[in-house]
Amino acid sequence: MTKLRIRGAVLTATVATVLGLVSAPAATAELAPFPALTLPFKAGQQVYSAGIHSDDGSTGVKNAIDLSPADRTVRAPLAGTVHLQHCAGGDWVTIDHAGGWRTGYYHMEGIKVTDGEHVEAGAELGSTGNALPCGGSSTGAHVHFTLWTLPDAPAANWDGKSFAEVSTTVAAAHGEPVDGKTIGGWRFTAGAEQYSGTATHLADNAVTQLPGRFRAKL
Ligand SMILES: [Zn+2]
């Protein structure tokens, strides 16, 4: 989702953290460490990112980042099994990877994969777009790329769940922060506000402020 900012919610979350009211997700034996993902498009091109944010862009774990690669082609960042999540307005894509990790791709148009399909890293998933199959909003073609863990329900399907539900109850139960993750040779750090943060290129420690543009080389 894009461009919805509620400062009060950020302050509330900060206070809760200070008071120790926010606990880390329970670790489970089945969950593997964060896997070695690429960014979800071909390396070597310019990408614009609107920054790191929660699924609804206002509250909750910041488990998403908006990405707009120059070639508009979204690709699998790692091998896995595709789930097409069906809603009244169309479909969106998730991929289940080994070790209980699930990645999501919202707003795509021209989806190129099918439900249950096994994809290898680099497989074309579709194009960045403004699709709203289960609700939400989008300003400008992009993919809303999300991280979750499903250690106890690797095949769970979210057919028919509104994006409002995915971005609240599902995110609260399964969302994983983008903050601190290394993806495709870049370490992503969330900011205090929605739609902010940095992307640090680990090879040379070059830092891109988000929202911003960087060249997604490896
Ligand atoms: Zn988004």
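Placed above this text is the structure.
Residues numbered from 1 in each chain as written. Predicted model: local features only at pLDDT ≥ 70, side-chain atom pairs only at ≥ 80, totals over all residues.

Of the regular secondary structure elements, the protein chain holds 2 helices and 14 strands. Burial status across the protein chain gives 38% buried among its 218 residues. A separation of at least 24 residues holds for 67% of the contacts in the protein chain among residues at least 6 apart in sequence. (Helix = DSSP H or I, 4+ residues; strand = E, 2+ residues; numbered from the N terminus. Buried ≥ 20, exposed ≤ 12 C-beta atoms within 10 Å, placed from the backbone. Contact = placed C-beta atoms within 7 Å.)

Another aspect to go through is helix α2 (residues 163–174). If you check α2, its first and last C-alpha atoms are just 14 Å apart, much less than what 12 residues at 1.5 Å a residue would give, namely 16 Å. Inspection of α2 places F163, V166, S167, V170, A171 and H174 among the buried residues, and these make up the whole buried set. Summarising the axial view, the buried residues of α2 lie within an arc of 120°, below the 170-degree limit, and thus occupy one face. Along α2, the residues that are exposed and aim more than 90 degrees away from the buried face are T169 and A173. In the core, the buried residues of α2 are packed alongside β6 (101–106) and β9 (143–149). (Expected span 1.5 Å × (residues − 1). Arc of directions from axis to C-beta.)

Let us look at the sheet that holds strand β7 (residues 118–119). If you walk across this open sheet you meet the 8 strands as β7-β4-β5-β6-β9-β2-β1-β14, and the pairing is antiparallel. Every other strand in the sheet has two partners, leaving β7 and β14 (212–215) as the edge strands with one partner each. By the bridge criterion, 4 bridges tie strand β5 (residues 90–96) to β6 in an arrangement that is antiparallel. Along β6, the bridge assignment pairs I95 with T103. (Pairing = 2+ DSSP bridges.)

So, about unusual backbone geometry. Between L210 and the following residue, P211, the backbone shows a cis peptide bond with an omega angle of 0°. Within the secondary structure, P211 sits in the loop between β13 (206–209) and β14. One non-glycine residue, R72, lies in the positive phi region at around 65°. Tracing the chain through its elements places R72 in the loop between β2 (64–69) and β3 (73–75). Under the C-beta neighbour-count criterion, R72 is labelled partly exposed, with 17 such atoms within 10 Å. At Y195, a position not held by glycine, the phi torsion is positive, near 55°.

Let us now look at the nonpolar core. The tendency in soluble globular proteins is for nonpolar side chains to be buried side by side. In terms of nonpolar packing, the biggest core is built from 41 residues, with I65, V93, Y105, M108, L125, V178 and F188 touching the most fellow members. Leave out the neighbours within four places in its chain, and M108 touches V74, W92, V93, L125, G126, S127, T128, G129, A131 and V143. (Core = buried A, V, L, I, M, F, W, Y, C linked by C-beta atoms within 7 Å.)

Two pairing modes exist for strands in a sheet, parallel and antiparallel, and in both the strands are linked by backbone hydrogen bonds. Spatially, β10-β11-β12-β13 is the arrangement adopted by the 4 strands of the open sheet, whose pairing is antiparallel. Sheet topology places β10 (182–183) and β13 at the edges, where each strand pairs with a single neighbour. Pairing between strand β11 (residues 186–189) and strand β12 (residues 198–201): 4 bridges, direction antiparallel. Looking at the pairing, R187 lines up with T200 of β12.

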